[in-house]
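Each chain is listed here by its residues.
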Amino acid sequence: MEVFEAIEKRKSIRKYQSTEIEDEKLNKILESARIAPSAANRQEWKFIVVKNQETRDKLAEAANGQKFVGQAPVIIVACSTESERIMPCGQYAYTVDLSIAVSFMILEATELGLGTCWLGAYSEDYVKEILEIPEEIRVVAMFTLGYVDNGSVSTPRKTMDEIICYEKYE
């Protein structure tokens, strides 16, 4: 599969089979995060892989009670180990760096025939408590990972005309 094909096929999955993910596939997904670019190549991150059902159920509670979170065979939690550094453009490096790494993982998962859902609705404090994450570490993103249940539905995307401007903002 080419990169663009993975981008086209990727969608947010909220129904998973209970099938375990093979270690080889999981390791390839994690490797895609390890080699992802980061500001000044600092790689100020940690990724927590959660497979334990009891812990996944607790993370589902932390994710505003979204039950599908606990049904996915794996949840990956992306953490920043340094959250104060601001890039010259004014953006915090950790949000950009971890967004890139998580995007790489999600695209690799798609290539490997797995589904994902990037979670934005969760209590960072509750996630930290569940996973014993130190207070100074930020939980930037979480995503579910697993084999897609065929009942998943796609949502429409905006047209190019709605999102692209040339030369100036219009």
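Computed from a prediction, not measured in an experiment: that's the story for all the values here.

1. Here's the deal with the pairing of strand β3 (residues 115–119)
In regular strands, side chains alternate between the two faces of the sheet. With respect to burial, β3 is a largely interior element, four of its five residues being buried. Where β3 and strand β4 (residues 138–146) come together, five bridges link them in antiparallel fashion. What sits directly across from Leu119, in β4, is Met142.

2. Notes on the sheet that holds strand β1 (residues 45–50)
In space, the four strands of this open sheet follow the order β1-β2-β4-β3, with antiparallel pairing throughout. Here the strands that pair on one side only, and so sit at the sheet edges, are β1 and β3. Averaged over all neighbouring strand pairs, the angle between strand axes comes to 20°, with direction disregarded. Note that β1 and strand β2 (residues 74–80) share six bridges and pair antiparallel. Residue pairing across strands places Lys46 opposite Cys79, the latter belonging to β2. Set on the sheet, helix α3 (residues 53–62) makes contact with β1, β2 and β4; between it and β2 the angle comes to about 65°.

3. Notes on the side chain of Arg56
Its location among the elements puts Arg56 in helix α3. Buried charge without a salt bridge: Arg56, with Asp57 as the nearest opposite-charge side chain at an N-O distance of 6.1 Å. Excluding residues within four positions of it along the chain, Arg56 makes contact with Val50, Lys51, Gly70, Gln71, Ala72, Pro73, Val74 and Ile75.

4. A closer look at helix α5 (residues 93–111)
For α5, with 19 residues, the first-to-last C-alpha span of 27 Å sits near the 27 Å given by 1.5 Å per residue. By the burial criterion, the buried members of α5 are Ala93, Tyr94, Asp97, Leu98, Ala101, Val102, Met105, Ile106, Glu108, Ala109 and Thr110. Buried residues along α5 sit against α1 (3–9), α2 (23–34), β1, β2, β3 and β4. The first or second residue beyond α5 is Gly113, which carries a positive phi of 85°.

Conventions adopted
Per chain, residue numbering runs from 1 following the sequence as it is written. Side-chain atom pairs in this predicted model are given and counted only at pLDDT of 80 or more, local residue features only at pLDDT of at least 70, and totals for whole chains, interfaces and linings cover all residues. As a rule here, side-chain values cover all heavy atoms of the structure and leave hydrogens and water aside. Think of it in three bands: residues with accessible area under 20% of the maximum for their type are buried, residues over 50% are exposed, and the middle band is partly exposed, with areas taken using a 1.4 Å probe on protein chains only. Numbering of helices and strands starts at the N terminus; helices are DSSP runs of H or I of at least 4 residues and strands are runs of E of at least 2. Strands are treated as partners if at least two bridges between them are detected by DSSP. Whenever a helix is involved, its axis is fitted only over the stretch in contact; in every case the axis is a line through C-alpha atoms, and angles between N-to-C directions fall within 0 to 180 degrees. Whether two residues are in contact is decided by their heavy atoms, any of which lying within 4.5 Å being enough. When charges are counted, neither His nor the chain ends are considered; positive counts come from Lys and Arg and negative counts from Asp and Glu. What makes a salt bridge here is a side-chain nitrogen of Lys or Arg within 4 Å of a carboxyl oxygen of Asp or Glu, nothing more. One fewer than the residue count of a helix, multiplied by 1.5 Å, yields its expected span.

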